[in-house]
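Close look at the chain arrangement
Here is what each chain is made of, one letter per residue.
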Amino acid sequence: MTSINAERLKADLGSLGNIGRRPSGGLGRTSFSAEDTEARQWYFDRCAEAGLDVTVDGIGNIIVSSPVADELSDARRPAVWSGSHIDTVPDGGAFDGALGSIAALECLRRIHEDRLALDRPVRCIVYADEEGNYAHLFGSRAISRGFSRSELEALTGRDGDRFVDTFTAAGGDIDRAANAVLPEGTIDASVELHIEQGPVLEVEGIDIGVVTGIVGLGGGTITLRGRSDHAGTTPMNARKDAGVAAGALLASLPCIAAGVSERAVVTSGIVTFVPGGANVVPEAAHVTVDFREPTAEGVAALESALIARTKAIAAEHGLDFDIEFEETVPPAPLDGEVQSIVAAAAKGRGLRHIPIHSGAGHDSQNIATVAPTGMIFVPSIDGRSHCPEEDTKWDDVANGGQVLLDTIIKLANR
Ligand code: GLV
Ligand code: MN
Ligand code: MN
């Protein structure tokens, strides 16, 4: 049985984890930033060093193949895909996305080095902007459902930059980006390794999570509009204070989630007051919201509840409002056969495994709409993620990498 090179996987995670390191200890590799570009170049260099071929699709997803393995398999057949992302949230950790991206590369390297003759070709993928600086699960959405040119033109990032400007400056072509949907039959099956990002596997003492499905999610920006006034001279009862109204909206988020279900979550991660002076009553407040629930009905109910609450708060404070929500990403059940193959691979390596649901979003939920897709989770220490403390034990990293390789080989020979 072919084994991964766990030391190489560990060394690569360490090297990638130094790119975009901030004084806080967290990583900042926002998609298409200088740090993300450096990480992508680091990844291209690893592929070149290994003798692998790299292409970049119209939206910026990286697709890697082995000329040796392709020669030994029927390279015209739909391929087995595996990969994740190397962009990070602001002040993120070194494992979210990086693990699945480098482990997939390690698997392809081993297939290439051992000249494994598989029935189907294997492709290793790095999806662009998974963390949604421009749109949630951006790269996988572009190749599954697609973006029109006008949708791409409307996208802005956290820093207020327009996607088209940043993408074009980085050498991208918007016409190609708007035509990035994969031809039908490109992917035979897909599997992504990821850290759990929650506490279940660690608490239960389990090595491998076999992911059964991924949460549905939505999000966007709610803008409350009032009137700017002098902070010292305007009586409290004569204000149209968008900041105070935003506070009321934020305070209502736990109640909105609880009103939908126990598993519903709503988060506001960015609030911006305009014009933004300590002695100015805010004229406008931009409040981002991210909302998730395991069912499509739950996601729709959260969206409706947020709209209703915004209307009520705006009326109460005498304000206007705009709501711009992205298209929701539907919850995705993952493929039963891929789950069985992952579970058998874990068992074959003597690892304890359980079925687990994902509350985090992943590109796999978009890929699941075009091909049978599975995910493998490994434990996160203290369940922490999207923070500098995010960590996973090296034994768990190695276990996950090995189960991924065994699963890819099984899928490719199915
Ligand atoms: C990605 O990490 C997400 O769950 O938003
Ligand atoms: Mn993430
Ligand atoms: Mn991730």
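Residues numbered from 1 in each chain as written. Chains lettered and ligands numbered in written order. Predicted model: local features only at pLDDT ≥ 70, side-chain atom pairs only at ≥ 80, totals over all residues. Heavy atoms only, no water.

A closer look at the coordination of the manganese ion (ligand 3)
Every protein donor of the manganese ion (ligand 3) is accounted for by H85 (NE2), D96 (OD) and H194 (NE2), and the metal-donor separations fall at 2.0 to 2.2 Å. Written as a sequence motif, the donor residues of the manganese ion (ligand 3) are H-x10-D-x97-H. A spacing of 3.6 Å is found between the manganese ion (ligand 3) and the manganese ion (ligand 2), which share D96 as a donor. In this pair, H85 is assigned in strand 3 (residues 79-85) and D96 in the loop between strand 3 and helix 4 (98-113), connecting sequence segments 11 residues apart. (Donors = N, O, S within 2.8 Å, 3.2 Å for Na, K, Ca; no water. Helix = DSSP H or I, 4+ residues; strand = E, 2+ residues; numbered from the N terminus.)

Observations concerning the site of ligand 1
As a matter of local geometry, ligand 1 sits amid E130, E131, H136, R292, A360, G361 and H386. In the environment of ligand 1, an oxygen atom lies 2.7 Å from a nitrogen or oxygen atom belonging to the backbone of G361. Split into classes, the residues belonging to the shell around ligand 1 amount to 1 nonpolar, 3 polar and 3 charged. (Near = heavy atom within 4 Å. Polar contact = N/O pair within 3.5 Å; in protein donor to acceptor, adjacent residues only side chain to side chain. Nonpolar A, V, L, I, M, F, W, Y, C, P; charged D, E, K, R; others polar.)

Thoughts on the nonpolar core
By size, the foremost hydrophobic cluster in this structure holds 56 residues, and its most contacted members are Y43 and L404. The biggest single contributor to this core is helix 4, with 9 residues. Other than its neighbours up to four places away in sequence, L404 contacts S82, A103, A104, C107, V191, L193 and I376. Counting 25 residues, the second largest nonpolar core, distinct from the first, contains Y127, A135, L155 and A177. (Core = buried A, V, L, I, M, F, W, Y, C linked by side-chain atoms within 4.5 Å. Buried < 20%, exposed > 50% of the residue type's maximum accessible area, 1.4 Å probe, protein only. Contact = heavy atoms within 4.5 Å.)

Examining the pairing of strand 5 (residues 187-195)
Here strand 5 lies mainly inside the structure; 9 of its 9 residues are buried. Bridge count between strand 3 and strand 5: 4 bridges; the pairing is parallel. Paired with W81 across the bridge in strand 5 is S190. In terms of strand pairing, strand 5 meets strand 16 (residues 373-378) through 6 bridges, oriented parallel. (Pairing = 2+ DSSP bridges.)

Structural notes on the environment of A117
For A117, the position within the fold is in the loop between helix 4 and strand 4 (122-127). When its relative accessible area of 57% is taken as the criterion, A117 is described as exposed. C-alpha of A117 to C-alpha of T369: the two residues are 252 residues apart in sequence and 29 Å apart in space. In contact with A117, not counting residues within four places along its chain, are L72 and N413.

Let's talk about the packing of aromatic side chains
To describe a pair of aromatic rings, you give the distance between the ring centres and the angle between the ring planes. All chains considered together, the criterion is met by 9 aromatic pairs. For the ring pair F32 and F163, a centre distance of 5.9 Å and an interplane angle of 65° mean the geometry is edge-to-face. Taken together, the positions of F32 in the loop between helix 1 (6-16) and helix 2 (34-50) and F163 in helix 7 (residues 163-169) put the pair 131 residues apart, joining distant regions of the chain. Judged by centre distance (5.9 Å) and plane angle (50°), the ring pair of F95 and W394 falls under tilted. Here W394 lies in helix 14 (residues 394-412) and F95 lies in the loop between strand 3 and helix 4, a separation of 299 residues in the sequence. Looking at W394, the relative accessible area reads 34%, which means it is partly exposed. One aromatic cluster is present, built from ring pairs that chain together F32, Y134, F138, F147, F163 and F167. (Phe/Tyr/Trp six-rings, centres within 6.5 Å; stacked < 30°, edge-to-face > 60°.)

As for the domain arrangement of the protein
Here the protein is described as being made up of domain 1 (6-214 + 332-413) and domain 2 (216-325). A C-alpha centroid distance of 33 Å is found between domain 1 and domain 2. On the side of domain 2, 7 residues touch domain 1, which itself brings 8 residues to the contact. Summing both sides of the interface, domain 1 and domain 2 together bury roughly 520 Å²; the carbon and sulfur share of this comes to 55%. Across the domain 1-domain 2 interface, the total number found is 0 salt bridges. (Domains from an automatic or database assignment. Buried area = accessible area lost by both parts, 1.4 Å probe. Salt bridge = Lys/Arg side-chain N within 4 Å of Asp/Glu carboxyl O.)

Describing the coordination of the manganese ion (ligand 2)
Around the manganese ion (ligand 2), the protein contributes the donor atoms D96 (OD), E131 (OE), E131 (OE) and H386 (NE2), at 2.0 to 2.7 Å from the metal centre. Each donor residue of the manganese ion (ligand 2) lies on one chain, and together they are spaced D-x34-E-x254-H. On the accessibility criterion, D96 (6% relative accessible area) is buried. What makes E131 buried here is its relative accessible area of 15%.

Brief notes about the pairing of strand 2 (residues 62-65)
Side chains I62 and V64 project from strand 2 onto one buried face, and the interleaved I63 and S65 project onto a second face that is buried too. Two elements, strand 1 (residues 53-56) and strand 2, share 4 bridges in a ladder whose sense is antiparallel. Bridging across to strand 2, V54 finds its partner in V64. Connecting strand 1 to the antiparallel partner strand 2 that follows it, the hairpin turn spans 5 residues, and G60 within it adopts a positive phi of roughly 110°.

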